[in-house]
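In case you want the letters, here they are:
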Amino acid sequence: MTKILNWEQYVNSEMDNFKSKILELGFILDENQVHVKGERSILLSKKLILTAIRTVDNLKVIIKISSQKEGIDEIIYERMCRVALQKMNFNYKKFNHPKEIHFENKNDNLIVITEFIGEEQNFLQRNTEEQFKIILKGLEILEGVHVTVNKLADFVTKFFEIKDFKIYEKKLLEYEKIILENWSGDNFKNILEKGKRMFMGSEYRVNQYCGFLTHFDFVPHNFRVRRENNEDKIYLLDYTSLSIGNKHESWARIINFMSLYNSDLERAILKYFELNRSEEELKSLKLLRIFRLFDHIHYYTKVYKNLENGNSLKELTKLRIFFWLELLKNVLDDKFLDPKVIEDYKNKRDSLRSKEELERQKVLY
Amino acid sequence: MKILISTPLYPPETARVSIFAKQLAMNLQMIYVEKHLITLLAYSDFPENINNVKIISVSKKQNLLKRIILFTKILLREVKNNGIILLNQAGISSLLTLLVAKLFNKKTISFIMENEVEERSVQFNMNKKSLKVWQINFIQYLVSKWSSVVIFDNLKLKDTFKKKYNLNENNLIVQKFPIKNFFSPFSNVESKEKEKLEVIKEWKFFVEFLTKTIS
């Protein structure tokens, strides 16, 4: 329970610290702050995301606050990336950005207030075809930025991390090491070894699709879709996950995510690739799916290590690790997950989730 | 006949111009069948492969001068070895190719699907009176003026170019480019097949039309 208590203490102290300032600026915090509850604690984040209302006109806003260096740096970096993305004049299509209402960084107390982007419908409530169109639109915006000329590279390197095969390879090896330090079973060893071998022998293929703007975590809780002038506009909410790398990194993340949340969409995206993209792209996509799954399993392994025994969150984290490992095994063999595996996982996961987390999930998707 | 395609963009680049270059090379190759009859020269670092098409790429990562020198060196070799030169869009790569083609007295056909002056100034928010836009305009003028034949994707584009650059009507053709870059994963098998056949038919028509223009 230590971790959760620490998180609660952290939340309370930050709220006490910023409450009066937020009021002074003319905003009232919502009573129910879903983004600080549930499994948010395992992120060990040093910033808080709050929802509030502007008193003069009842405008709903998002407030990000932090008094910790790590959190302040993250929010400033995020803001810098957002500005950079807006300035990039070499891509045709663009994302929309929530309007910034207030920014203040005084005495190590940072506060950013942006417009809340409401949606008519949560992403997963839409039908699969609509979901596909939105994903395609978002990812085509990212693919529209290809940094191949020196002067563009000079601009983007100021803001975004640049990743090529060597960087991916280094990360993959780190992930493998962390995973195997904790999970020594043959199952882990064999699956990771197979994935590693496939990835390591594909330097040209990975580099072939590098140089694109990619989003490491392009999943529904990081963007919003709002209907404006008869068009679905995509608002990007997370800017810290942007980098210049293999364009299939963003595709890989959403496909892996949809293996769990909407396998019809997973299949539709893969079918789209088969029908519209080259064989080289399909191969690169598979490699990046492998990379992202190594990353995912490594991330939850680190979370698992930090949780105390007997905690249901620890049990849930272990369940997640085995689920994503199963998906990795299937991706390596060009197979889809058995629907029963997905169902069983979802049932067990939900039985281990707290009430607050179940509530938070409803808001996210 | 041996054909050289010169293109500023090529996949993995995602622009329409890039997709057209690949589909044109692929379809020309499929109709001509013979190996390495088609050569494609592109500014690209890791070009996508096309079966039986010789792809030569010049990296965009080197500085502009080096890039132009290398591109021209390759052109001097390739233009000589090819009978007909196809230019994708009226940019700097087309201008270089055109100059070398003139040197060897080769027939050139330019494909124009975008007015780059408009594209850049509107989409990229560039001042229409800037030096950059003036350069683009001037290159576009030279390419469309000096090409043996210019094929436009649509009538509006042709009229714009004709009026703007005072081009000779006899050298201008309008023929829709059969670019297809989206097959829906939600269509049923029957309509997918129908769509594919339609695209094949369109490309066949386009290539036959091109062959007639060449001859």
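Residues numbered from 1 in each chain as written. Chains lettered and ligands numbered in written order. Predicted model: local features only at pLDDT ≥ 70, side-chain atom pairs only at ≥ 80, totals over all residues.

## Brief notes about helix α11 (residues 312–332) of chain A
Residues and elements named next belong to chain A. This is how it is decided: Labels follow the DSSP assignment, with helices taken as runs of H or I lasting at least four residues and strands as runs of E lasting at least two, numbered in each case from the N terminus. Take the number of residues in a helix, subtract one, and multiply by 1.5 Å to get its expected span. By the criterion used throughout, residues are in contact when their C-beta atoms, derived from the backbone, lie within 7 Å.
Taking 1.5 Å of rise per residue, 21 residues should cover 30 Å, and α11 covers 30 Å from first to last C-alpha, within 8% of that figure. Structurally, α11 contributes buried residues whose contacts are with α6 (186–200), α8 (248–261), α10 (279–306) and α12 (339–352). Downstream of α11 by a residue or two, D334 has a phi angle that is positive, lying close to 55 degrees.

## A look at the nonpolar core
As a reminder, the rule being used: The nonpolar core is taken to be a set of buried Ala, Val, Leu, Ile, Met, Phe, Trp, Tyr and Cys residues joined by way of C-beta atoms within 7 Å. Note on burial: count the other C-beta atoms lying within 10 Å of the residue's C-beta; 20 or more is buried, 12 or fewer is exposed, in between is partly exposed, and C-beta positions come from the backbone.
Within the largest apolar cluster, 62 residues are counted, with the highest numbers of intra-cluster contacts made by I290(A), F291(A), L293(A), I297(A), W324(A) and L328(A). No other element matches α10(A), which puts 10 residues into this core. Aside from chain neighbours lying at most four places away, what touches I290(A) is G195(A), M198(A), F199(A), L328(A), V331(A) and L332(A). A25(B), I74(B), V79(B) and L98(B) belong to the second largest nonpolar core, which has 43 residues in total.

## Considerations on the sheet that holds strand β3 (residues 53–58) of chain B
Residue and element names in this part refer to chain B. In plain terms, the rule: Being paired, for any two strands, means DSSP has found at least two bridges between them. Axis geometry follows a simple rule: fit a line to the C-alpha atoms, using only the stretch in contact for helices, then measure angles between N-to-C directions, giving values from 0 to 180 degrees.
Spatial ordering of the open sheet is given by β3-β2-β1-β4-β5-β6-β7, a layout of 7 strands whose pairing is parallel. Edge strands, defined here as strands with exactly one partner in the open sheet, are β3 and β7 (172–174). Adjacent strand axes in the sheet meet at a mean angle of 20 degrees when their direction is disregarded. Sitting on the sheet, helix α2 (residues 64–81) touches β1 (3–7), β2 (38–43), β3 and β4 (84–88), and the angle it makes with β3 is about 155 degrees.

## Considerations on the sheet that holds strand β7 (residues 212–215) of chain A
All names here are of chain A. What the 3 strands build is an open sheet, ordered β6-β10-β7; its pairing is mixed. Both edges of this open sheet fall to β6 (161–162) and β7, since each of them pairs with a single strand only. The sheet contact formed by β7 and strand β10 (residues 242–245) spans 4 bridges and is antiparallel. Bridge pairing in β10 places H215 opposite L242.

## Some thoughts on the environment of N182(A)
Residues and elements named next belong to chain A. By the secondary structure assignment, N182 is in helix α5 (residues 165–182). Residues N182 and S312, spaced 130 residues apart in sequence, show a C-alpha to C-alpha distance of 19 Å. Ignoring anything within four residues of it in the chain, the contact list for N182 reads T301, Y304 and K305.

## Things to note about the confidence of the model for chain B
To keep it simple, the criterion reads: Residue-level confidence of the predictor is what pLDDT reports, using numbers from 0 through 100.
Taken residue by residue, chain B gives an average pLDDT of 92. The fraction at 70 or more is 97%. Model confidence for the complex: the whole-complex pTM is 0.93, and ipTM, which rates the interface, is 0.92.

## Things to note about α5(A)
Residue and element names in this part refer to chain A. We apply this condition: The arc under discussion is defined with respect to the helix axis, by the directions toward the C-beta atoms.
Relative to the 26 Å expected for 18 residues at 1.5 Å per residue, α5 spans 26 Å between its end C-alpha atoms, a close match to the ideal helical length. For α5, the full list of buried residues reads F165, Y168, L172, Y175, E176 and I179. One side of α5 holds all its buried residues, which, seen down the axis, span an arc of 100 degrees. Residues of α5 that are exposed and point over 90 degrees away from its buried face: K166, K170, K177 and E181. Packing partners of the buried residues in α5 comprise α6, α7 (203–208) and α10.

## Considering the pairing of strand β3 (residues 60–66) of chain A
All names here are of chain A. Most of β3 sits inside the fold, with 5 of its 7 residues counted as buried. Judged from the 6 bridges that link them, strand β2 (residues 48–54) and β3 form a sheet pairing that is antiparallel. Paired with I49 across the strands is K64, a residue of β3. When β3 meets strand β5 (residues 109–115), the two strands line up antiparallel, connected through 6 bridges. Its bridge partner lying in β5, I62 is registered against T114.

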